[in-house]
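The residues making up each chain are set out below.
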Amino acid sequence: MYQYAGVVVNNDSVQVDKIFTYKIPTSLLGVLQLGFRVKVPFGRGNRTLDAFVLELYEQCDSAINIKEIANICDEMPLLKITDIELVKVMKKKYLCTYLECIKVIIPRGITKGIKKKTSLLLTIGKQIEGKFLNEPYKNIYDLIELNKMKYNKNEFSKNFKLSLSSINTMIKHGFLISQEVTINRYNQKHYAKYEEKILNEKQRQSVDFIMNSKKNKFLIHGVTGSGKTEIYMKLVSYMLKENKQSIILIPEISLTPQMVERFKGRFGPEIAVFHSRLSDGERFDEWMRVKLGNAQIAIGARSAIFLPFENLGLIVIDEEHEASYKSDSDPKFDAREIAYMKCELENCKLILGSATPSVESYYRSTINELSLITINERADGAAMPKVEIVDMREELMNNNRSIFSRSLHDGITQCLSKNEQVILFLNRRGFSTFVSCRKCGYVFKCKKCDISLTYHNAGEYLTCHYCGEKEKISKVCPSCGSSYVKYFGVGTEKIEQEINRIFPSARTLRMDFDTTRKKNSYEYIYNTFKSKGADILIGTQMVAKGLDFKDVTLVGVIAADLSLNLPDYRAFERTFQLLTQVSGRSGRGSKEGKVVIQTYSADELTIKYAASNDYDSFYKNEIMMREAMDYPPFASILVITMSSENENMLIKNIQNVGENLKYKIKDNNKIILLGPCTCGVSKIKNFYRWQIIIKGDINQTIALEIKNSVYELVKNVYSSIRVSIDINPSNMI
Ligand code: ADP
Ligand code: ZN
Ligand code: ZN
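Conventions and cut-offs
- Residues numbered from 1 in each chain as written.
- Chains lettered and ligands numbered in written order.
- Predicted model: local features only at pLDDT ≥ 70, side-chain atom pairs only at ≥ 80, totals over all residues.
- Heavy atoms only, no water.
- Domains from an automatic or database assignment.
- UniProt positions renumbered as here; feature names shortened; annotations may be inferred.
- Helix = DSSP H or I, 4+ residues; strand = E, 2+ residues; numbered from the N terminus.
- Pairing = 2+ DSSP bridges.
- Axes fitted to C-alpha atoms, helices over the stretch in contact; angles between N-to-C directions.
- Contact = heavy atoms within 4.5 Å.
- Core = buried A, V, L, I, M, F, W, Y, C linked by side-chain atoms within 4.5 Å.
- Buried < 20%, exposed > 50% of the residue type's maximum accessible area, 1.4 Å probe, protein only.
- Salt bridge = Lys/Arg side-chain N within 4 Å of Asp/Glu carboxyl O.
- Parallel < 35°, antiparallel > 145°, perpendicular 65-115°, else oblique.
- Left-handed = near helix turned anticlockwise from the far one by under 90°.
- Nonpolar A, V, L, I, M, F, W, Y, C, P; charged D, E, K, R; others polar.
- Phe/Tyr/Trp six-rings, centres within 6.5 Å; stacked < 30°, edge-to-face > 60°.
- Donors = N, O, S within 2.8 Å, 3.2 Å for Na, K, Ca; no water.
- Tetrahedral: all angles 85-135°; square planar, octahedral: opposite > 155°, others 65-115°.
- Near = heavy atom within 4 Å.
- Polar contact = N/O pair within 3.5 Å; in protein donor to acceptor, adjacent residues only side chain to side chain.
- Areas by Shrake-Rupley, 256 points an atom, 1.4 Å probe, with all protein chains shown as cover.

1. Quick notes on the domain arrangement of the chain
Link 1 in the chain: For the chain, the assigned domains are domain 1 (4–77), domain 2 (117–183), domain 3 (201–375), domain 4 (386–429 + 493–625), domain 5 (432–489) and domain 6 (636–727).
Link 2 in the chain: Centre-to-centre, using C-alpha coordinates, domain 2 lies 65 Å away from domain 6.

So this is what it looks like as C-alpha cells:
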C-alpha cells in the first residue's frame, strides 16, 4: 500500500518547483490516488496550501520529519494518469514549471471554488390533460407548451409580465412543475439542424483510410472548400459509435460560431465549447461537462486540447498551419505537439487539416511521421476561384491613386449589381497606420513602446497597438511646429470609409480587433453577413480563413505585401498561407468566384504561387531554403528574451548571459549563438527588450542546461529583469 505521496504545491515561485514528499494519513490510505488535489501544511509556518498528487510511493528514504497531507479537496482526481505523464514531459520540453503545466490542464475556476449554477425551471405537469384553462393560466400554459422552452420561474414572470402568484397557483395544482436543475452558463442557443451530406468519393476514401489504417496520425491537405469539416464530422460519428470522444481544435475565436453551428446542428447541444473568451464560470461548466461524461465532443482553441475526456478517440486540428496553436506564455506549448503526445499516451487518432499545411507538418508527411491525404477539388463541384494579381505601381502610372485598383473597383460594382457578397482583406486595423510630419520627418510614436501610433477615426486619438495607450491628436508637429502633419498607410477603418464613400448604397460590416471586443460580436457579425444583412465584409486575418459563405463571389486583398516584409524566417510561408486562405473564401457556392490581389511586389514568387494555388512549388522552394539556412524543421531555435525598464542594467546583464552561454557551447559545433541584440520591437510598455538566439540541433539536455544557466546568471536581478525562454516561437519579433 502506498504510504507517501509526491506533490506539487500551488505556489507560483520557481523555488518550490519540485515534487515534495508527504505522508498519507491513515484515514486516506487506499483512498488517495494520483491526480487528486489535496491540502498540505507547507513551509516553516505550516501554511495550508493546495497541492496536486503526481506520485505515490510505498516507502520513503528519510521518513523522519515528513509532514502529513491534511485532506482531499474534491470528490475525484482532477488530473488523469496520462495528464501527469504529460505534465512531466511538458515541463522538460517547454522549460517551465510543474504548476504552469497543471494550470493549463485544470482551469482556474475549478480550483477557485466556483459552484455549479442551478435554476428553477418550469415544465408542464400531469394535471393539465383534458382540463380547460382560463386566462391567465391558458396563456402561461401556451407559452411553455408551444415554445417547448424551459423557463426560469422568475425570469418567465418578469419577461412575460405574468404574476408570480398565478404561476405558483398552477404549480400548487400540478399544472406546472418547478424543478431545480443544473444549467450551463455558456450559450444555450438552439441551432438549426445541419443535415448530414452524402460524402463524395474522395471524402469517403479519406474517412475509410483513416478508420482502417494502423497508423494514427494524418495530415489532410485539402484545397479550400474541399469539405474537410464533413470528413471530421463523419469521423466523430464513428467515434461516438465506439463510445469514444473527440476534440476539434480551431485556431481562431472568429471561427467558433461556424464550427459550433455545424456541430451542434448535427450532433445536438451536448458539445463543450472552450476558448479564451469564456468567464471562469462558463469554463467551469464546460470543463465539468467533459469531466463528468456529459459531453462527447469539444470544440475550442488550443487549450481545449487538455480537456479531460475519459476515452478520447480523435483529435482534429483544423487549419493546422496557424500560429495561434503555439502559446507564447508559460507553458509555451504547441497544441500540435501536445496532440502528438496525447496520441501516444491515450491511443487516439490525430488529424491535422489545412489547405496550406505548415512547412513543418508537410515535411513530417514526407518522412512518414504523418500519413498524407491530398484533396485537390472542392466538395460540391465548385470551381476554384479565378485569381488576378494587380500591380499597384501600374495603377499609379495609369493615374489611379485610389486604394482600389480598377479591377477591384469593377469587381465590387458587378458583385453589388448581382446582389452577391464581397470580402475585403487587409491585415492592418485602424485608419492610418502612421502619422508623420512632412517637413521634418517626425513620426508620432508611443511614449512607452518602440512603435508608431495608429490613427483611429472614432475619436480624435492616436492609439498604440501594443499597449493600448491613447494620445490626443495634434495638428502641429511637436518637433518643428509645422502644420504639415500627414496620415500615411491604410487600415480597415479607412477601407470601410472609402467603400461607404464610393459605394454609398453598399451595406458594410467590419471584423477586426476593434469591432469584436464585446462578448458576442463574432456571432453577430457572422450571422449578419451569412443572412445577407450586409454586402461587404471588411476585415483583418479574422476574415481570411475557414469561413464558408455561399454568396461571396469576390475577395479583394488590399495589400498583399504587408506580411512579406516581416523580419521573420516564416514571412514567405505566412504570406502564402494568408493569400491562399483568403482567396479560398470566394466562389464557394454555385456561382463562380473571383479574387483580386493588389500588390507592389507583383513579381514575388510567393504571391504567384498563392495566386495559382500551387502549394507544391511553394513547398519545394521553401523547404530548400529552410535546409540551406538551417531553420526548422531542420534545426531548432531557442530564443531568450530579456526585458527591463532599466535599459543599462538590461544590456549589462544580457551581455553577461551571452558571454557565459558562448563559453558554455563553444565545443558544441552543432549549435550557434546569435546576439545579444535588440528585439524587432525594442520597447513595449516601457520595458526595453533584448534577445539572444540559439540555433541548431538543440536537444532537451542542452536546452535545460541553457535555461538553468540563464536563471542562475540573472537570479540576483530577478526582480527587475524579466526572462522568457521559448523554443521555436511562433513569432520572432
Ligand atoms: P473546407 O473546410 O475544406 O474549406 P468545408 O468543410 O467548409 O471546406 O466545406 C465547403 C463546402 O462544401 C461547405 O459548404 C459544405 O457544406 C460543402 N460540402 C462538403 N461536403 C459536401 C458533400 N459531400 N456534398 C455537398 N456539399 C458538401
Ligand atoms: Zn516636423
Ligand atoms: Zn504603446
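Still more to cover.
2. Some details on the UniProt feature "domain: Helicase ATP-binding" (unreviewed entry) in the chain
Link 1 in the chain: As recorded in UniProt, the feature "domain: Helicase ATP-binding" (unreviewed entry) lies at residues 209–375.
Link 2 in the chain: Taken end to end, residues 209–375 has its terminal C-alpha atoms 13 Å apart, with 37% of it in helix and 22% in strand.

3. Examining the sheet that holds strand 17 (residues 421–425)
Link 1 in the chain: Reading across from one edge, 16-26-25-17-24-23 is the order of the 6 strands in this open sheet, with parallel pairing throughout. Edge positions in the sheet fall to strand 16 (386–391) and strand 23 (508–511), since each of these pairs with one other strand and no more. Along the sheet, successive strands turn relative to each other by an average axial angle of 15°, direction set aside.
Link 2 in the chain: Note that strand 25 (residues 552–557) and strand 26 (residues 594–599) share 4 bridges and pair parallel. Its bridge partner lying in strand 26, Val557 is registered against Ile597.
Link 3 in the chain: Helix 16 (residues 521–530) contacts strand 17, strand 23, strand 24 (536–539) and strand 25 of the sheet and is inclined by roughly 145° relative to strand 23.

4. Brief notes about the nonpolar core
Link 1 in the chain: Counting 115 residues, the largest nonpolar core has Phe263, Ile338, Ile351 and Leu537 as its most contacted members.
Link 2 in the chain: Among all residues touching Phe263, those that are not within four sequence positions of it are Thr229, Met233, Val236, Ile248, Gly268, Ile271, Ile297 and Ile299.
Link 3 in the chain: Met642, Leu661, Ile698 and Ile702 belong to the second largest nonpolar core, which has 24 residues in total.

5. Observations regarding the pattern of salt bridges
Link 1 in the chain: One pass over the structure, following the stated rule, counts 44 salt bridges.
Link 2 in the chain: Taking the shortest distance from any N to any O, the salt bridge between Arg204 and Glu201 comes out at 2.7 Å. In this pair, Arg204 and Glu201 are both assigned in helix 7 (residues 201–212), 3 residues apart and thus about one turn of the helix distant.
Link 3 in the chain: Overall, Glu201 belongs to the partly exposed group, its relative accessible area being 47%.
Link 4 in the chain: Linking Lys244 and Glu242 is a salt bridge whose minimum nitrogen-to-oxygen distance equals 3.4 Å.

6. A look at the packing of helix 7 against helix 8 (residues 228–241)
Link 1 in the chain: Contact geometry of helix 7 with helix 8 gives a least axis separation of 10 Å together with a crossing angle of 40°. On the basis of their axis angle, the class for helix 7 and helix 8 is oblique. The hand of the helix 7/helix 8 crossing is right-handed. Contact residues: helix 7 offers Gln203, Ser206, Val207, Ile210 and Met211, while helix 8 offers Glu230, Ile231, Lys234, Leu235, Tyr238 and Met239.
Link 2 in the chain: Looking at the contact of helix 7 with helix 8, its residues break down into 7 nonpolar, 2 polar and 2 charged.

7. As for the packing of aromatic side chains
Link 1 in the chain: Applying the stated criterion to the full structure yields 16 aromatic pairs.
Link 2 in the chain: Ring centres 5.8 Å apart and planes at 80° place the aromatic pair Phe209 and Phe218 in the edge-to-face group.
Link 3 in the chain: Residue Phe209 is classed as partly exposed on the basis of its relative accessible area of 39%.
Link 4 in the chain: Each member of the aromatic cluster is reached from another via a ring pair, and the members are Tyr362, Phe576, Tyr615, Phe618 and Tyr619.

8. Some points on the coordination of the zinc ion (ligand 3)
Link 1 in the chain: Looking at the zinc ion (ligand 3), the protein donor atoms are Cys446 (SG), Cys449 (SG), Cys464 (SG) and Cys467 (SG), and they sit 2.2 to 2.4 Å from it.
Link 2 in the chain: For the zinc ion (ligand 3), the 4 donor atoms in the first shell make angles of 109 to 110° at the metal, a pattern classed as tetrahedral.

9. Description of the site of ligand 1
Link 1 in the chain: Neighbouring ligand 1 are 20 residues; Gln203, Gly225, Thr229, Asp548 and Lys550 lie closest to it.
Link 2 in the chain: In the model, an oxygen atom of ligand 1 is placed 3.3 Å from a nitrogen or oxygen of the Lys197 side chain.
Link 3 in the chain: Within the side chain of Lys550, a nitrogen or oxygen atom sits 2.4 Å from an oxygen atom of ligand 1.
Link 4 in the chain: When ligand 1 sits alone it has 570 Å² of accessible area, and the protein chains cover 88% of it.
Link 5 in the chain: Top element by residues in the shell around ligand 1 is helix 8. It accounts for 3 residues.
Link 6 in the chain: By residue class, the composition of the shell around ligand 1 is 5 nonpolar, 7 polar and 8 charged.
Link 7 in the chain: Each of domain 3 (201–375) and domain 4 (386–429 + 493–625) contributes no fewer than three residues to the shell around ligand 1.

10. Looking at the side chain of Ser644
Link 1 in the chain: Turning to its location among the elements, Ser644 is positioned in strand 27 (residues 636–644).
Link 2 in the chain: The class of Ser644 is buried, set by a relative accessible area of 1%.
Link 3 in the chain: In this structure the side chain of Ser644 is engaged in a polar contact, spanning 3.0 Å, whose partner is the backbone nitrogen of Asn646.
Link 4 in the chain: Here Ser644 is in contact with Leu650, Asn686, Phe687, Tyr688, Ser720 and Ile721, once residues within four sequence places are set aside.

11. With respect to the environment of Glu135
Link 1 in the chain: Relative to the helices and strands, Glu135 resides in the loop between strand 6 (117–124) and helix 4 (137–147).
Link 2 in the chain: Here Glu135 falls in the exposed class, since its relative accessible area comes to 55%.

12. Here we look at the UniProt feature "domain: Helicase C-terminal" (unreviewed entry) in the chain
Link 1 in the chain: UniProt marks residues 472–626 with the feature "domain: Helicase C-terminal" (unreviewed entry), using the numbering shown here.
Link 2 in the chain: In the segment residues 472–626, helix accounts for 34% and strand for 16%; the C-alpha atoms at its two ends are 45 Å apart.

13. Overview of the coordination of the zinc ion (ligand 2)
Link 1 in the chain: At the metal site, the zinc ion (ligand 2) is ligated by Cys437 (SG), Cys440 (SG), Cys477 (SG) and Cys480 (SG), and these contacts range over 2.3 to 2.4 Å.
Link 2 in the chain: Written as a sequence motif, the donor residues of the zinc ion (ligand 2) are C-x2-C-x36-C-x2-C. Taken together, the residues Cys437 in strand 18 (residues 434–437) and Cys477 in the loop between strand 21 (470–472) and strand 22 (485–488) connect sequence positions 40 residues apart.

14. Digging into the sheet that holds strand 2 (residues 20–23)
Neighbouring strands of a sheet are bound in pairs by backbone hydrogen bonds; such pairs are parallel or else antiparallel.
Link 1 in the chain: Spatial ordering of the open sheet is given by 2-1-4-3-5, a layout of 5 strands whose pairing is antiparallel. The open sheet terminates on both sides in strands that have one partner only, identified here as strand 2 and strand 5 (71–72).
Link 2 in the chain: Here 2 bridges tie strand 3 (residues 37–42) to strand 5, and the two strands are oriented antiparallel to one another. Directly across from Lys39, in strand 5, lies its bridge partner Asn71.

15. A few points about the pairing of strand 17
Link 1 in the chain: Among the 5 residues of strand 17, 5 are classified as buried, and the element is accordingly described as predominantly covered.
Link 2 in the chain: On strand 17, burial covers both faces: Gln421, Ile423 and Phe425 on one face and Val422 and Leu424 on the other are all buried.
Link 3 in the chain: Where strand 17 meets strand 25, 5 bridges bridge the pair, whose relative direction is parallel. Within strand 25, the residue paired with Leu424 across the bridge is Gly556.

16. So, the environment of Asp12
Link 1 in the chain: Tracing the chain through its elements places Asp12 in the loop between strand 1 (4–9) and strand 2.
Link 2 in the chain: The sequence separation of Asp12 and Glu100 amounts to 88 residues, and the corresponding C-alpha distance is 8.0 Å.
Link 3 in the chain: Asp12 has contacts with Leu99 and Lys103, leaving out every residue within four places of it along the chain.
Link 4 in the chain: Looking at Asp12, its side chain comes within polar contact range of the side chain of Lys103, at 2.9 Å.

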